[in-house]
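Breakdown of the fold
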Amino acid sequence: DTAVSQTPKYLVTQMGNDKSIKCEQNLGHDTMYWYKQDSKKFLKIMFSYNNKELIINETVPNRFSPKSPDKAHLNLHINSLELGDSAVYFCASSQAGTRYGYTFGSGTRLTVV
Amino acid sequence: AQSVTQLGSHVSVSEGALVLLRCNYSSSVPPYLFWYVQYPNQGLQLLLKYTSAATLVKGINGFEAEFKKSETSFHLTKPSAHMSDAAEYFCAVSATQAAQKLVFGQGTRLTINP
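Every value quoted in this text rests on a predicted model; they were computed, and no experiment measured them. (Residues numbered from 1 in each chain as written. Chains lettered and ligands numbered in written order. Predicted model: local features only at pLDDT ≥ 70, side-chain atom pairs only at ≥ 80, totals over all residues. Heavy atoms only, no water.)

**Observations concerning the environment of Val12 of chain A**
Residues and elements named next belong to chain A. On the secondary structure map, Val12 appears in strand β2 (residues 10-13). Residue Val12 is classed as exposed on the basis of its relative accessible area, which comes to 61%. Each C-alpha atom, one on Val12 and one on Thr111, is 4.7 Å from the other, the two residues being 99 residues apart in sequence. For Val12, the residues in contact, after removing those within four places along its chain, are Thr111 and Val113. (Helix = DSSP H or I, 4+ residues; strand = E, 2+ residues; numbered from the N terminus. Buried < 20%, exposed > 50% of the residue type's maximum accessible area, 1.4 Å probe, protein only. Contact = heavy atoms within 4.5 Å.)

Shown next as structure tokens:
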């Protein structure tokens, strides 16, 4: 059983399209995150939800909208995709903050053409 | 605010040699510190963590790291490199209070020469 699963693994789409990435965790964790990894491998937090409540919203364009229907799921919807959105997006989860670290999903490689 | 600096974006060692990956952190409060490994086209896997217990932390795959408060460092070592250790390594920090997120370093690519 995959602990944190993301779908799809690869996503190729044209500029201007709208797309979604889904994330599910079966660890019973109370907090979920979205991170963006750019072409230089730099990881930056985008959003964090604790028990369905948004607790971190970094300076992300409002074309990105997270949704957490329950504490086991955190989806990311992106409107009007731009070339600069091409990256690997990682979902992660944790229990009780960061004390025990995160469990990461395997990532979604988004390519905007 | 917390930050992490990893010295050296690329480290190359011979198989069987010592691996040393450097990480310095900045934090205004006692930190939690982590090392993650990322193999190609995969997610990040936790190697080890420091959460204010023993300063020498042992992790998976023979890696260990030592927390040195006076030097604000948390360097990762492995006595003898194996070809399978080739990967990207990330150091990360968070504050113990209001620990809401991990802040990652820029990563160090480890190459193992046969």
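**Overview of the pattern of salt bridges**
Summed over all chains, the structure comprises 6 salt bridges over all chains. The salt bridge involving Glu58 of chain A is made with Lys44 of chain A; its shortest N-O contact spans 3.7 Å. Here the residue Glu58 of chain A occupies a position in the loop between β6 (53-57) and β7 (64-70), and Lys44 of chain A occupies one in strand β5 (residues 43-50), the gap between them amounting to 14 residues. Judged by its relative accessible area of 22%, Glu58 of chain A falls in the partly exposed class. Here Asp85 of chain B ties to Lys78 of chain B by a salt bridge, and the two come within 2.9 Å at their closest N and O atoms. The pair formed by Asp85 of chain B and Lys78 of chain B is uniform in burial state, with each residue classed as buried. (Salt bridge = Lys/Arg side-chain N within 4 Å of Asp/Glu carboxyl O.)

**Things to note about empty space enclosed by the protein**
All names here are of chain A. Inspection of every chain in the model, using the stated rule, returns 1 cavity of 30 Å³ or more. Roughly 30 Å³ of internal volume is contained in the largest cavity. Considering the residues around the largest cavity, the lining is formed by Asp30, Met32, Tyr49, Asn50, Asn51, Lys52, Ser68, Lys71, His73 and Leu74. Those elements giving two or more residues to the lining of the largest cavity turn out to be β5 and β8 (73-78). Taken together, the residues of the lining of the largest cavity break down into 3 nonpolar, 4 polar and 3 charged. (1 Å grid on protein atoms, 1.4 Å probe; cavity = no way out; pocket = protein on both sides within 12 Å on 5 of 7 lines; lining within 4 Å. Points joined across faces, edges and corners; volume = space filled by probe spheres on them. Nonpolar A, V, L, I, M, F, W, Y, C, P; charged D, E, K, R; others polar.)

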